[in-house]
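Results of the structural survey
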Amino acid sequence: MNSANRRQSKRSNILVLLEGTLIAYLAYVAHPLVLQLTDQTAPLENKLFVNMAILTVLVLISALSVGLYELKLRETFRGIIRRIFVSVALAYFVMELLTSTVFQNLAMHPYYLPTASALIIIVLVLFRYFSNRLGLLGLGKVRLVVLGAGQRASIIEKRMRREVDRIGFDLVGFIPIPGDDRESGIQSEKLVHVKVDEGFRDFLIENEIEEVVIACDQRRGTLPIEILFDCRIRGIEVVDILDFMERETGQIVVNLIYPSWVIYSNGFSSQNYLRDLMDYGINAVLALLVLLITWPFMLMTAILIYLEDGRKTGASVFYKQERVGLNGQLFNIIKFRSMRPDAESGGAQWATKGDSRVTKMGGFIRKYRIDELPQLLNVFRGEMSFIGPRPERPEFVEQLIQQIPYYNQRHNVKPGLAGWAQLNYPYGASVEDSMEKLKFDLYYVKHQSLLLDILILVRTVEVILFGKGR
């Protein structure tokens, strides 16, 4: 892990530690406050500290599940308040459930939990407000300069315009290099006109540069290899634009990829029989648990779809569709029907936002991903996993492989119910959208691990709670 990644991880850990400390303190303060407000006197009991610990852990897990510890959270402050409220409400519900059933001996004053929850919401909102206004999360930003001001460098200007996109670094500027395509290059950002010669070292030292991003359009004969080597010896990070964008945005910029980067890059680990067996076991257990929890909702959904139009048309409440799975193998995906029975009488079509073919019930179950629940059967069959790229139709895959480089690489892993692309780019209804989602899919294929799967699974709660995505 390089220094920039370590700084990002450190900021995230500090945020969790600070808020965890605040939550624990407020959970402690709530007890004597309730006693004082109700004119009661009672010594602090040992179970108070157990309640404090449980409530703190529950709030932190709930906050993680709604994305509050995602440093690049693209959300207004009003949205952050909403997420804080939902995370505390989730913790409140689980805490009430635990103390009324499993841990009845931990039950405290009836006003304790409401008071503690109210205090936590108020203080966390204030903490987030001042930390955002004062830029506290930006402490320890990496000072960097981009070597190049052409087409490749412009990806930073186009994709990372907002302050939240640059929370992990302080961009000093772009240095033009001979061979850069200036017509389609940097337009609005300030340029740093420094000759890349012996004086470049002095520039880096004077400006306290910690990282140099290589983003020139032509490398052969233009890169100062000896100077960059000296930078590495002095402890200055030198990273490629692809690695930089991957680190900062969680995606692989497909249109900038060159073969040698794929060959020498870390990641893209191969599958093996034992890992496949473990993956299937974990997915099957998760599918069974989800089925046990959601079967009443699935039954109700099936009845409502039948009553809406299935009774008149005789159409099934389920919808089967051929999709492309692992290694290009075809399988039939199973979903609750969300469109009219004649939705594709004219052939395969991209789904669009506000699609007129979607029924009233279909719009609701799509918003909250209820239409995806029958795919638990695909998980049991081993055709899908919980986490992975969303499977696409073969008609579209054939088209996308021809138009988008490296598109077929997403089929190196099993498709999933939820995925990294769905969290970061929730709607895809065109070739352009597929290109954007592929950038996140390839990031997942490269970095797939149990830890990343858990992160995606937890953050998917956010998608369900706030009704995001298709």
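Residues numbered from 1 in each chain as written. Predicted model: local features only at pLDDT ≥ 70, side-chain atom pairs only at ≥ 80, totals over all residues. Heavy atoms only, no water.

1. Observations concerning the overall build of the protein
Of the regular secondary structure elements, the protein holds 16 helices and eight strands. Within the protein, the fraction of its 470 residues that count as buried is 48%. In the protein, of all internal contacts separated by at least 6 residues, the share reaching a separation of at least 24 is 76%. Carbon together with sulfur atoms contributes 60% to the accessible area of the protein, which is approximately 24,300 Å² in total. (Helix = DSSP H or I, 4+ residues; strand = E, 2+ residues; numbered from the N terminus. Buried < 20%, exposed > 50% of the residue type's maximum accessible area, 1.4 Å probe, protein only. Contact = heavy atoms within 4.5 Å. Areas by Shrake-Rupley, 256 points an atom, 1.4 Å probe, with all protein chains shown as cover.)

2. Observations regarding the sheet that holds strand β2 (residues 169–175)
Pairing is parallel across the open sheet formed by four strands, whose spatial order is β2-β1-β3-β4. Among the strands making up the open sheet, the edge pair consists of β2 and β4 (237–240). Recorded for the sheet is a direction-independent mean angle of 25° between the axes of neighbouring strands. Against the sheet, helix α8 (residues 241–249) engages β1 (142–147), β2, β3 (211–214) and β4, with an angle of about 90° to β4. (Pairing = 2+ DSSP bridges. Axes fitted to C-alpha atoms, helices over the stretch in contact; angles between N-to-C directions.)

3. Let's talk about helix α13 (residues 394–403)
Among the residues of α13, Pro394, Phe396, Val397 and Leu400 are the ones counted as buried. Seen end-on, α13 carries its buried residues on one side only, within an arc spanning 150°. Turned more than 90 degrees off the buried face of α13, the exposed positions are Glu398 and Gln402. On its buried face, α13 is in contact with β5 (318–324), β6 (330–336) and α15 (431–447). (Arc of directions from axis to C-beta.)

4. Observations concerning the UniProt feature "transmembrane region" (unreviewed entry) in the protein
Residues annotated by UniProt as "transmembrane region" (unreviewed entry) correspond here to residues 12–28, 48–68, 80–99, 111–131 and 284–307. End C-alpha to end C-alpha, residues 12–28 measures 24 Å, and it is 100% helix and 0% strand. Split by type, residues 111–131 is 95% helix and 0% strand. Its first and last C-alpha atoms lie 30 Å apart. (UniProt positions renumbered as here; feature names shortened; annotations may be inferred.)

5. Examining a nonpolar patch on the surface
Where nonpolar side chains cluster on the molecular surface, the patch consists of Trp295, Leu299, Met300, Ile303, Leu304, Tyr306 and Leu307 and spans about 690 Å² of accessible area. The topology assignment puts Met300 in helix α10 (residues 273–313). (Patch = residues over 30% accessible without salt bridge, like charges linked within 9 Å, V, L, I, M, F, W, Y side chains within 5 Å. Salt bridge = Lys/Arg side-chain N within 4 Å of Asp/Glu carboxyl O.)

6. Thoughts on the pairing of β5
Two elements, β5 and β6, share seven bridges in a ladder whose sense is antiparallel. In the strand pairing of β6, Val324 is matched with Leu330. Counted between consecutive antiparallel strands, the loop separating β5 from β6 contains five residues, among which Asn327 sits at a positive phi close to 55°.

7. Some words on the confidence of the model for the protein
Of the residues in the protein, 82% have a pLDDT of 70 or more, and the chain-wide mean is 80. By mean pLDDT, helix α9 (residues 259–264) is the weakest element of the protein at 67, and helix α12 (residues 376–380) is the strongest at 94. (pLDDT = per-residue confidence, 0-100.)

8. Examining the side chain of Gln422
Along the chain, Gln422 falls in helix α14 (residues 420–424). Residue Gln422 is classed as buried on the basis of its relative accessible area of 7%. Sequence-distant contacts of Gln422, defined by excluding residues within four places in its chain, comprise Arg369, Gly388, Arg390 and Lys437.

9. Examining the packing of helix α6 (residues 199–206) against helix α7 (residues 225–233)
At their nearest, the axes of α6 and α7 sit 10 Å apart, and the two run at 30° to each other. Remark: the crossing between α6 and α7 carries right-handed chirality. Contacts between α6 and α7 involve Phe200, Arg201 and Leu204 from the former and Glu226, Ile227, Asp230 and Cys231 from the latter. For the contact of α6 with α7, a count of residues per class yields four nonpolar, no polar and three charged. (Left-handed = near helix turned anticlockwise from the far one by under 90°. Nonpolar A, V, L, I, M, F, W, Y, C, P; charged D, E, K, R; others polar.)

10. Let's talk about unusual backbone geometry
For Glu208, which is not glycine, the phi torsion reads 55° and is therefore positive. You can see Glu208 is positioned in the loop between α6 and β3. One non-glycine residue, Tyr406, adopts positive backbone phi at about 70°. With respect to the element layout, Tyr406 can be found in the loop between α13 and β8 (416–418).

11. A short note on the packing of aromatic side chains
Under the criterion given, the structure shown has five aromatic pairs. For the ring pair Phe318 and Phe336, a centre distance of 5.3 Å and an interplane angle of 20° mean the geometry is stacked. Linking Phe318 in strand β5 with Phe336 in strand β6, this pair joins segments that are 18 residues apart in sequence. Exposure remark for Phe318: the relative accessible area of 38% places this residue in the partly exposed category. (Phe/Tyr/Trp six-rings, centres within 6.5 Å; stacked < 30°, edge-to-face > 60°.)

12. Considerations on the nonpolar core
Of all hydrophobic cores here, the largest spans 55 residues; its most connected members are Val146, Ile156, Phe174, Ile241, Phe244, Met245 and Trp420. The biggest single contributor to this core is α15, with eight residues. The contact partners of Val146, leaving out residues within four places of it in the chain, are Ala153, Ile156, Leu171, Gly173, Phe174, Ile175, Val213 and Ala215. If you look at the next biggest cluster of nonpolar residues, it comprises 28 residues, including Leu15, Leu58, Ile80 and Tyr112. (Core = buried A, V, L, I, M, F, W, Y, C linked by side-chain atoms within 4.5 Å.)

13. Here's the deal with the pattern of salt bridges
Tallied over the full model, the rule gives 14 salt bridges. Note that Asp441 and Arg410 form a salt bridge whose closest N and O atoms lie 3.0 Å from each other. A residue pair is termed long-range when its members are at least 10 positions apart, and Asp441 in helix α15 and Arg410 in the loop between α13 and β8 qualify at 31 residues. An identical accessibility class is assigned to Asp441 and Arg410; each is buried.

14. Side note on α8
With seven of nine residues buried, α8 lies mostly within the body of the structure. Among the residues of α8, the N-terminal cap falls to Asp240, whose side-chain oxygen and the backbone nitrogen of Leu242 are separated by 2.8 Å. Gly250 occupies a position one or two residues after α8 and carries a positive phi of about 70°. (Polar contact = N/O pair within 3.5 Å; in protein donor to acceptor, adjacent residues only side chain to side chain.)

15. Description of the packing of α8 against α15
Between α8 and α15, the shortest axis-to-axis distance is 12 Å and the interhelical angle comes to 95°. Taken together, the axes of α8 and α15 lie roughly perpendicular to each other. The segment α8 lies against α15, with Asp243, Glu246 and Thr249 engaging Phe440, Tyr443, Lys446 and His447. When its residues are assigned to classes, the contact of α8 with α15 shows two nonpolar, two polar and three charged. (Parallel < 35°, antiparallel > 145°, perpendicular 65-115°, else oblique.)

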